[in-house]
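One-letter residues, chain by chain:
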2 protein chains.
Amino acid sequence: MDSVTAEQTGGRKNRPVRRSAGSQAGLKVPFIRRNIPTYDILSEENLQRIEAVADRILAEIGIEFRDDPAALELWRKAGAEIDGLRVRFPKGMLREILASAPPVFTQHARNPANNVEIGGSAVVFSPAYGSPFVMDLDKGRRYGTIEDFRNLIKLGQSSPYLHHSGGTICEPVDVPVNKRHLDMVYSHIKYSDRAFMGSVTAEERAEESIEMARILFGADFVDQNCVILGNVNVNSPLVWDGTMTKALRAYARANQAAVIVPFILGGAMGPVTSAGAIAQSLAETMAGCALTQLERRGAPVIFGNFLSSMSLRSGSPTFGTPEPAIGSMVIGQLARRLKLPLRCAGNFSNSKLPDAQAMQEGVMSMLSAVHCGANFILHSAGFVDGLLAMSYEKFVMDTDFCGALHSYLAGVVVDDNTLAMDAFEEVGPGSHFLGCAHTMRNYQTAFWDSALSDNEPFEKWSEAGSTDMATRANARWKKTLAEYEAPPLDIATDEALLDYVERTKRAKPDAWY
Amino acid sequence: MDSVTAEQTGGRKNRPVRRSAGSQAGLKVPFIRRNIPTYDILSEENLQRIEAVADRILAEIGIEFRDDPAALELWRKAGAEIDGLRVRFPKGMLREILASAPPVFTQHARNPANNVEIGGSAVVFSPAYGSPFVMDLDKGRRYGTIEDFRNLIKLGQSSPYLHHSGGTICEPVDVPVNKRHLDMVYSHIKYSDRAFMGSVTAEERAEESIEMARILFGADFVDQNCVILGNVNVNSPLVWDGTMTKALRAYARANQAAVIVPFILGGAMGPVTSAGAIAQSLAETMAGCALTQLERRGAPVIFGNFLSSMSLRSGSPTFGTPEPAIGSMVIGQLARRLKLPLRCAGNFSNSKLPDAQAMQEGVMSMLSAVHCGANFILHSAGFVDGLLAMSYEKFVMDTDFCGALHSYLAGVVVDDNTLAMDAFEEVGPGSHFLGCAHTMRNYQTAFWDSALSDNEPFEKWSEAGSTDMATRANARWKKTLAEYEAPPLDIATDEALLDYVERTKRAKPDAWY
């Protein structure tokens, strides 16, 4: 039953202690150690049927690798069948290659207290990634800037319920495309002391991102330890573009972790039925993960997944819908059979506002990530409008929900204290437990206490202004930014990073596409 | 793994076909046959530890039965130890008694197409129950009236995603307390053709509710079949009030199903730690369920659960929080070990508005009900403000979410069609699946299509008025009420019911408390 973890261990000691109720100032954990099992929904027989289709896709149809002759050469040497750009994989070949990828690894943060484990029973929450737009209740939607980028990192860093600083937390469109990554990586290092992600939009940008990590951690350390992640997408269906495989190989070459993610909108980039879309996702991800191992055997890699659905009325992609949510459980089972760390789902919504739709879709999607056993949950906070905008309000609402998930993942702890036989003996029938010794001993850590949910009686809520959650979130992000303090950064390191950014920027003309 | 169901069967054929996208006019199912397993989080060893504490509570501390000497007499005859009002149960006694309760039964509706199965792999969604207040965006919060009561039944009946008409869908406070149940039961029969619930607030009211069911179904039929449910609450901790046990026995005596529900706010009516609260809940529910069997062996009964948490800042009860959500999974496991149909959780929130908080808390809570294997999910739609108000907007938002859960519970179907090998062969790498034969064959039933979520691009949403979900829900309930048509009811039956209501009301003076 407990595929990932023994419920008896771990969860409680990793549970944050909240000293001041409703504040985000409690003791924090660097990541969650899950204390509930994964939610496995498919039988062995049906998993094997999906794997068999993935194997057939790989062997009979194959995958195209475009604009990356070196990748084709790696495949040829490994024994794949090359036909132009098309690569076909003999049955079993990819599984054999994948055996060298680590099932669990540590990504180091500049503050070692924030190192995260990725794989096994660890769960890491990371902000949403890649939106061109940002929005808030005051100014509405607009393109993201480097100032928004920094603000969102600061909000993330200020929450004890995220564990990772993320990557392209929004696109800073006021910075040239070919220099953006330098400012982004610098901002992660400067304004957060957590682990972070680098660029993948060009091989050079991937390498420069990694180079900045070397300045921060030292080149030898980086060669032996994971300090930066790169999130690479398959061009589904069944195409790997050279930009992505070159970035993927750059991360692997440096012993850094690529996150391998197909992006399948069922009915568009994959079949309209979940089982087929999952088989395709498995085939595409296995090929990408295996390529990292051909580039550098033993390099860390994360098995990613991005199932989605589409509106068959408008053709729009839809997010936070039930089919991808339940489909993620199957992806989780398949990834564990490959013994690879998993990235799954996240907090998705199509809503254009931080409203009921945003949280309905977001919670369904985020819970699926947690249930399916995802180890690295990118997009844990901020997304609205499909994947197009980061909402400041939604960001703090989601980090608050991440806090609730810390308690949820702690599960139901069963021991003499929690079984509370002494409380029943003290209280008996018809009385109450408010002041009994057991309650006094346990109340401080008993229940998650949201900073954004209103739990007051109607009258008190009404007197306090009858606010909705979005309005409270608006006040909260402003207060958080006003109170933000940057974590200390060694001055010499800071200067070396700034110098590198400056030199690298100067060496190339601005490009805006 | 699949504790409740084989995933291979059932779900697909019970899945509603949506002919017109976004409408609620699709073909409907009378209830859901779940096609995903339950989410079992605790090990055998820990379940046994909880059961052992429940057994000790029952044997050592016992439960008080107040104001119902007949109940004490039933316990005495069954072999319990009676000490004043306190009843102590020798180990194993209740489990033995419970063996006669049916694991699955059918509740009949006046339209047989709407009969629901309760137990096993069946899932039945029923509206929220018991709020004194109602609210909508136009008129705000006010006390519920019989007009609101009828409106909410009509909204429920109009949704293909609820399966049951519920009971006290709101309190009609404009009708005397001692006559309310007559108008409520009549309204359920008149405005809905689904199964429904009767009164439990006094033995007489329970019996009159059942009598109305006899007029509708015939006395002999009622004696042999379940046609009405009564939801009775434990006065936690460890007290059963006579009002409730008399109502419970009235339902059992008539071979109708009582739903046995402790209401435990951790830290107040039970221990502040989940494991202890769950043990208490198990003890209280077992006693109530067993009493139905002493009253009438073989009477249907539902194992209920209502775990909740409290704000340790304000002392307010809190709903939709993580601890009760994950705790419900354990209750589900325990109920299945007793082989009893389960009622669990529902869609709870403390929010005073149909906002982000309402859906965040509601979805977490509702998904826990679905995951834990609840068969009868009371409170599937409408609750806001703790349990104090029914929101018209939240009601239609929640029924829409119930629609999404139909697709979710269908799971991932694995067969030759869904595996889509023909689609991969037709499409190949780098193309799209929009027009391929597989898509054309499957798109109509592929994805849940919400009637309330906005999936349009930002610009189209903006042109259409930049609405939030609550605003769209407001328009929707008005349209639904305007278009509502009552299901046909036999005129003689209608007249007999009206006559009974009239006579019964006339026979007693109004009481307002």
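Our structure is the block above this text.
Criteria and cut-off values
- Residues numbered from 1 in each chain as written.
- Chains lettered and ligands numbered in written order.
- Predicted model: local features only at pLDDT ≥ 70, side-chain atom pairs only at ≥ 80, totals over all residues.
- Heavy atoms only, no water.
- Helix = DSSP H or I, 4+ residues; strand = E, 2+ residues; numbered from the N terminus.
- Rg over C-alpha atoms; globule rule 2.2 N^0.38 Å.
- Buried < 20%, exposed > 50% of the residue type's maximum accessible area, 1.4 Å probe, protein only.
- Lys, Arg positive; Asp, Glu negative; His and termini not counted.
- Charge placed at Lys NZ, Arg CZ, Asp CG, Glu CD.
- Least-squares fit on C-alpha atoms with pLDDT ≥ 70 in both.
- Contact = heavy atoms within 4.5 Å.
- Buried area = accessible area lost by both parts, 1.4 Å probe.
- Nonpolar A, V, L, I, M, F, W, Y, C, P; charged D, E, K, R; others polar.
- Pairing = 2+ DSSP bridges.
- Expected span 1.5 Å × (residues − 1).
- Axes fitted to C-alpha atoms, helices over the stretch in contact; angles between N-to-C directions.
- Parallel < 35°, antiparallel > 145°, perpendicular 65-115°, else oblique.
- Left-handed = near helix turned anticlockwise from the far one by under 90°.
- Core = buried A, V, L, I, M, F, W, Y, C linked by side-chain atoms within 4.5 Å.

1. Section: the overall build of chain A
A tally of helices and strands in chain A yields 18 helices and 20 strands. By the compact-globule yardstick of 24 Å for 513 residues, chain A fits well, its C-alpha radius of gyration being 23 Å. With the C-alpha coordinates aligned to their principal axes, the bounding extent of chain A is approximately 80 × 55 × 50 Å. For chain A, the proportion of its 513 residues judged to be buried stands at 68%. Between the mean site of the 51 positive side-chain charges and the mean site of the 60 negative ones, chain A shows a separation of 3 Å.

2. A closer look at the relation of the copies chain A and chain B
For the pair chain A and chain B, the superposition axis carries a translation of 0.0 Å, the fit reaches an RMSD of 0.0 Å, and the rotation angle comes to 180 degrees. A rotation of that kind, with that shift, is consistent with a two-fold axis. Closest approach to the rotation axis within chain A is made by the C-alpha atom of A356 of chain A, at a distance of 2.0 Å.

3. A closer look at the interface of chain A and chain B
The partner chain B presents 126 residues to the 126 residues of chain A that form the contact. Roughly 10,100 Å² of surface becomes buried between chain A and chain B when both sides are summed, with 67% attributable to carbon and sulfur atoms. The largest contributions to the chain A side of the interface with chain B come from Y39, Q360 and F447 of chain A, which together make up 8% of the buried area. Tallied by class, the residues present in the side of chain A that touches chain B amount to 59 nonpolar, 40 polar and 27 charged.

4. Brief notes about the pairing of strand β13 (residues 257-261) of chain A
Residues and elements named next belong to chain A. Burial of β13 is extensive: five of the five residues sit out of reach of the surface. Neither face of β13 is open: one carries A257, V259 and V261, the other A258 and I260, and all of them are buried. Looking at chain direction, strand β11 (residues 228-233) and β13 are connected through five bridges and run parallel. Residue pairing in the sheet places V232 in a bridge with I260 of β13. Pairing analysis gives three bridges linking β13 to strand β15 (residues 301-303), with the strands arranged parallel. Considered in β15, the bridge of V259 is made with I302.

5. Section: the pairing of strand β16 (residues 307-310) of chain B
Residue and element names in this part refer to chain B. Taking every second residue as pointing to the same face, both faces of β16 are buried, with L307 and S309 on one and S308 and M310 on the other. Here two bridges tie strand β14 (residues 264-265) to β16, and the two strands are oriented parallel to one another. Considered in β16, the bridge of L265 is made with S308. Where β16 meets strand β17 (residues 317-318), two bridges bridge the pair, whose relative direction is antiparallel. Across the sheet, the residue bridging to M310 is P317, located in β17. Where β16 folds back on β17, the antiparallel hairpin that results is connected by six residues, among which G315 adopts a positive phi of roughly 80 degrees.

6. Describing unusual backbone geometry
With an omega dihedral of 5 degrees, the bond running from S236 of chain A to P237 of chain A counts as a cis peptide bond. When you line up the elements, P237 of chain A lands in the loop between β11 and β12 (239-240). Despite not being glycine, D385 of chain B has its phi angle at roughly 55 degrees, a positive value. Residue placement: D385 of chain B occurs in the loop between β19 (383-384) and β20 (389-391). Residue class for D385 of chain B comes out buried when judged on its relative accessible area of 4%.

7. Topic: helix α6 (residues 203-217) of chain A
All names here are of chain A. With 15 residues, α6 extends 21 Å between its outermost C-alpha atoms, agreeing within 8% with the 21 Å of an ideal straight helix rising 1.5 Å per residue. Those residues of α6 that sit buried are R205, A206, E208, S209, I210, M212, A213, L216 and F217. Against the buried residues of α6 lie α5 (180-191), β10 (196-197), α7 (219-224), β11, α8 (242-253) and α18 (491-506). At the C-terminal side of α6, G218 shows a positive phi close to 95 degrees.

8. Topic: the packing of helix α4 (residues 146-158) of chain B against helix α12 (residues 392-409) of chain B
The description of two helices packed together rests on the angle between their axes and the distance between the axes. Residue and element names in this part refer to chain B. Packing of α4 against α12 brings their axes to within 11 Å, and their N-to-C directions diverge by 20 degrees. Between α4 and α12, the interaxial angle falls into the category roughly parallel. Judged by the sense of rotation from one axis to the other, the crossing of α4 with α12 is right-handed. Each of D148, N151, L152, L155 and G156 in α4 lies in contact with α12, whose residues at this interface are Y392, F395 and V396. Its residues placed into classes, the contact of α4 with α12 shows five nonpolar, two polar and one charged.

9. What to know about the nonpolar core
One finds W75, F89 and F125 of chain A together with W75, F89 and F125 of chain B to be the most contacted residues of the largest nonpolar core, which totals 326 residues. For F89 of chain B, the contacting residues outside a window of four places in its chain are L58, A59, I63, F65, W75, A80, L94 and A287 of chain B.

10. What to know about the side chain of Q157 of chain A
With respect to the helices, strands and loops of the structure, Q157 of chain A is situated in helix α4 (residues 146-158). Each residue touching Q157 of chain A, except ones within four places of it in the same chain, is listed here: Y191, S192, D193, R194, Y484 and P487 of chain A.

11. Considering the environment of Y500 of chain B
Residues and elements named next belong to chain B. By the element assignment, Y500 lies in helix α18 (residues 491-506). With 78 residues separating them in the primary sequence, Y500 and D422 have C-alpha atoms 63 Å apart. Look past the residues within four positions of Y500 in its chain and what remains in contact with it is L182, E208, E211, M212 and I215.

12. Details of the environment of L265 of chain A
All names here are of chain A. With respect to the helices and strands, L265 occurs in strand β14 (residues 264-265). Classification of L265 as buried rests on a relative accessible area of 9%. Distance from L265 to S236, taken between C-alpha atoms, is 9.0 Å for residues 29 residues apart in sequence. With residues near it in sequence (within four places) discarded, L265 still touches G270, S308, S309 and P317.

Any functional reading would require information beyond the geometric quantities listed.
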